[in-house]
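# Observations on the model geometry
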Amino acid sequence: VESIGEQAFYHCSSLRSVSLSARNFGSDVFAYCTQMRTVSLPNARLVSECLFHGCTNLETVSMPVAARVCSEGLALCSSLVTISLPTDRRVATHAFACCDNLEAVSLPMLDSVSRNAIADCPRLSKDKIFAPDHAKSSLPASFHPNLAQK
């Protein structure tokens, strides 16, 4: 399977774990899968718009080749503690918004980040955002004002 269409598993409350080799995912594919805990998408090239939006029990995401996180891709994932996207180059608006337990973000290949990419993540501090120096210099303007004060 090369692609998974929009909302394919939308609001699937019985889905707990996903491991798919597809490269392309439409928007909202796993949105509101509230019981999902682990995801492995080893060939996915991007976290599409609202891909995991509202997956409140999502704890682990493995997407080693994703080069972009679209708007609200991982928003409202309140059980995520860490996010590591080793090849991600671009992060869109509200990509990681309202992740209540998020404590660390690792984006070693980051080139650009949109305004409010991380908003309302009360446990995350700037010193726990790991990104290249050239990208990190733009981070304070890109994140929620409360984050910049920590």
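Structural data are supplied above this passage.
First, a word on what this report is: a plain description of the structure on this page. (Residues numbered from 1 in each chain as written. Predicted model: local features only at pLDDT ≥ 70, side-chain atom pairs only at ≥ 80, totals over all residues. Heavy atoms only, no water.)

We now examine the nonpolar core. Grouped together as the largest cluster of nonpolar side chains are 42 residues, with contacts concentrated most on Phe30, Met36, Leu41, Phe52, Met63, Leu74 and Phe96. In contact with Phe30, other than residues within four places in its own chain, are Phe9, Leu15, Val18, Leu20, Phe25, Met36, Leu41, Leu51, Phe52 and Cys55. (Core = buried A, V, L, I, M, F, W, Y, C linked by side-chain atoms within 4.5 Å. Buried < 20%, exposed > 50% of the residue type's maximum accessible area, 1.4 Å probe, protein only. Contact = heavy atoms within 4.5 Å.)

This part takes up unusual backbone geometry. Despite not being glycine, His11 shows a phi value in the positive range, around 55 degrees. Considering the arrangement of structural elements, one finds His11 in the loop between strand 1 (3-4) and strand 2 (17-19). Of note in the backbone geometry, His94 takes a positive phi value of approximately 55 degrees without being a glycine. One can find His94 in the loop between strand 8 (90-91) and strand 9 (104-106). (Helix = DSSP H or I, 4+ residues; strand = E, 2+ residues; numbered from the N terminus.)

Evaluated as defined, the whole model comprises 4 aromatic pairs. Taking the centre distance of 6.0 Å and the plane angle of 75 degrees together, the rings of Tyr10 and Tyr32 count as edge-to-face. Remark: Tyr32 occurs in the loop between strand 3 (24-25) and strand 4 (38-40) and Tyr10 occurs in the loop between strand 1 and strand 2; sequence separation between them is 22 residues. A relative accessible area of 29% places Tyr32 in the partly exposed class. Here the aromatic rings of Phe30 and Phe52 are separated by 5.6 Å at their centres, their planes lie at 5 degrees, and the arrangement is stacked. Within this pair, whereas Phe30 is found in the loop between strand 3 and strand 4, its partner Phe52 is found in the loop between strand 4 and strand 5 (60-62), the two being separated by 22 residues in sequence. Relative accessible area serves as the criterion here: at 0%, Phe30 is assigned to the buried category. Since its relative accessible area comes to 0%, Phe52 is described here as buried. Site record: aromatic cluster; members linked through ring pairs are Phe9, Phe25, Phe30 and Phe52. (Phe/Tyr/Trp six-rings, centres within 6.5 Å; stacked < 30°, edge-to-face > 60°.)

In this section: the pattern of salt bridges. Taken as a whole and judged by the stated rule, the model has 4 salt bridges. With a shortest N-O distance of 4.0 Å, Arg23 and Glu2 are connected by a salt bridge. Of this pair, Arg23 sits in the loop between strand 2 and strand 3 while Glu2 sits in the segment before strand 1; the two residues are 21 residues apart in sequence, bridging distant segments of the chain. Residue Asp111 pairs with Arg89 through a salt bridge whose shortest N-O separation is 3.1 Å. (Salt bridge = Lys/Arg side-chain N within 4 Å of Asp/Glu carboxyl O.)

Such coordinate-based values are descriptive only and should not be taken to indicate function.
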